[in-house]
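Chain by chain, the residues run as shown.
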Amino acid sequence: MRSVEDQLAIVVDAAPVPEPIRVGITDALGLMCAEEVAAAHPLPGFAQAAVDGYAVRAVDVGGEAPLGAQHVPPERSLPVVGEVAAGSQKPLRLQPKQAVRVATGAPLPTLADAVLPLQWSDRGRKRMTPTRPVRTGDFVRKAGDDIQPGDVAVRQGSVIGPAQIGLLAATGRDKVLVYPRPRVTVMSYGLELVDIERDPGLGQVFDVASYAVAAAAREAGAAVTRAGIINAEPRALKETVAHQASRSEMLIITGAVGGSGAEPMQEVLRELGDLDTTRVAMHPGSVQGFGLIGEERVPVFLLPSNTVSSLVIFETLVRPVIRMSLGKAVPTRRTVKARSLGRIESLPGRLGLVRGRLMRDADTGDYLVQGLGGAEGAPAHLLAGFAEANALVIVPVDVTEVRPGDLVDVEFLQQR
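Residues numbered from 1 in each chain as written. Predicted model: local features only at pLDDT ≥ 70, side-chain atom pairs only at ≥ 80, totals over all residues. Heavy atoms only, no water.

Labelled according to an unreviewed UniProt entry, the protein chain appears under the name Molybdopterin molybdenumtransferase, originating from Corynebacterium mycetoides. UniProt's Catalytic activity (unreviewed entry) comment on the protein chain is quoted here verbatim: "adenylyl-molybdopterin + molybdate = Mo-molybdopterin + AMP + H(+)". The Cofactor (unreviewed entry) field of the UniProt record for the protein chain holds the comment "Mg(2+)". (UniProt positions renumbered as here; feature names shortened; annotations may be inferred.)

Right under this line is the structure:
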């Protein structure tokens, strides 16, 4: 029986890295940048008001004093000689002992070196009396404060988030070179399967696993196609798999391992490339397969028809491959130490991956976890329990029982 670590090393070594493509910045969220994006212009591009107020020379409103530390004598009022709105393209020149009314984002008049907020004045329209002083540079966004020309706005290898998209827009870029989402095709195999728009007959069941795994792959960041049930005679089956491989960076086939019914699918895959079906020292999801097919050596994962087992295998071995293909520096989910609230059982000689509900103690901040599978002999294959879980409890290979109060490693699942 192969260890989880050894199996993970095998599949990660085959992680696809799609060629970079250029996309619109609105489509780049969550993708890894494949180029250095340097700013051609300063940001902001001009000195501008940071608040609504009056553009002034600080020396004319008691600018020698610390910010807000004194009141300005009423006799130091200034004439208001103009008004500048945000977006104005009409330059104004400020003379000593004058003020110009400015809106937030408005360009600063020549010679002005500070903005006096409206609330620090009597709000006069023709003359303005300040009630507090400002210093040079107060409430002014200077040209290039954020980015100078030549500065790298978005670095190659960084994951593009909302701030990076904002910086790309600020530099005038509408497209950016990124590593695209890996194309993942999810299929299901099994003579007993019917799709959800049909009523299952005697001996038939809904195809559940491919829907769940396709959703998990999409949540991991892949561009997912769910091809559905692909039962067919061997020649047509081979053509279908080969076609899907030609348009994907990765294939996932549920129902393709476990029992003699999966053998026709495995025979087809062996004709298309290399396939290894094995037992991995984990529970649930021990029985699984992995291979490389076609001229492009496309990775293919074989998962069981049981949905819980498929999802656990996906979390442990498939999701890291997708995350690596996206360029994530840490392809695995966050793991924390938590104190078990109940007894959890695990099979000897296998890494236990038990669904659980992770909580936090309001007083101490410590993590607590309640096992939802493996607790007092609870079955591990039930999907309803997985739907209630927000974490996986990781029980080491040499541990068969976690007792209440024991510390365990817990892996976060997707946030809810």
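Q: Sorry if this is basic, but what is going on with the overall build of the protein chain here?
A: Counting secondary structure elements, the protein chain contains seven helices and 28 strands. Taken against the 2.2 N^0.38 rule, which gives 22 Å for 416 residues, the C-alpha radius of gyration of the protein chain at 31 Å runs more than 25% over that of a compact globule. With respect to the principal axes defined by its C-alpha atoms, the protein chain has extents near 95 × 50 × 40 Å. Residues counted as buried form 47% of the 416 residues belonging to the protein chain. At a minimum sequence separation of 6, the contacts of the protein chain that also span at least 24 residues come to 72%. Carbon and sulfur atoms make up 52% of the accessible area of the protein chain, which amounts to about 20,100 Å² in all. Of note, the protein chain has its 44 positive side-chain charges centred 9 Å away from the centre of its 47 negative side-chain charges. (Helix = DSSP H or I, 4+ residues; strand = E, 2+ residues; numbered from the N terminus. Rg over C-alpha atoms; globule rule 2.2 N^0.38 Å. Buried < 20%, exposed > 50% of the residue type's maximum accessible area, 1.4 Å probe, protein only. Contact = heavy atoms within 4.5 Å. Areas by Shrake-Rupley, 256 points an atom, 1.4 Å probe, with all protein chains shown as cover. Lys, Arg positive; Asp, Glu negative; His and termini not counted. Charge placed at Lys NZ, Arg CZ, Asp CG, Glu CD.)

Q: Explanation requested: the sheet that holds strand 8 (residues 114–117) in the structure shown.
A: In a beta sheet, neighbouring strands are held together by backbone hydrogen bonds and run either parallel or antiparallel to one another. Read across the open sheet, the five strands follow the order 8-5-7-6-9; overall the sheet is mixed. Bordering the open sheet on either side are strand 8 and strand 9 (127–128), each of which pairs with just one other strand. (Pairing = 2+ DSSP bridges.)

Q: Whenever I open this one, unusual backbone geometry confuses me. Can you help?
A: Leave glycine aside and you will find that most residues have negative phi; peptide bonds, for their part, are mostly trans. A cis amide bond links leucine 43 with the next residue in sequence, proline 44, at an omega value of -10°. Mapping proline 44 onto the fold places it in the loop between strand 3 (37–38) and strand 4 (48–49). Residue proline 284 is bonded to the preceding histidine 283 through a cis peptide linkage, with omega at -5°. Residues other than glycine seldom take positive phi values, yet leucine 111 does so here, at roughly 80°. With respect to the secondary-structure elements, leucine 111 resides in the loop between strand 7 (99–102) and strand 8.

Q: Would you mind showing me how to read the UniProt feature "domain: MoaB/Mog" (unreviewed entry) in the protein chain here?
A: The UniProt record marks residues 185–324 with the feature "domain: MoaB/Mog" (unreviewed entry), using the residue numbering of this structure. Between the first and last C-alpha atoms of residues 185–324 the distance is 17 Å; the span itself is 38% helix and 30% strand.

Q: Hey, could you run me through the sheet that holds strand 2 (residues 32–33) in this one?
A: Across the sheet, which stays open at both edges, the three strands sit in the order 1-12-2 with antiparallel pairing between neighbours. Taken across any chain shown, the strands that pair with only one partner, and hence form the sheet edges, are strand 1 (21–24) and strand 2. Direction of pairing for strand 1 relative to strand 12 (residues 175–179): antiparallel, over a ladder of four bridges. Paired with valine 23 across the two strands is valine 176, which belongs to strand 12.

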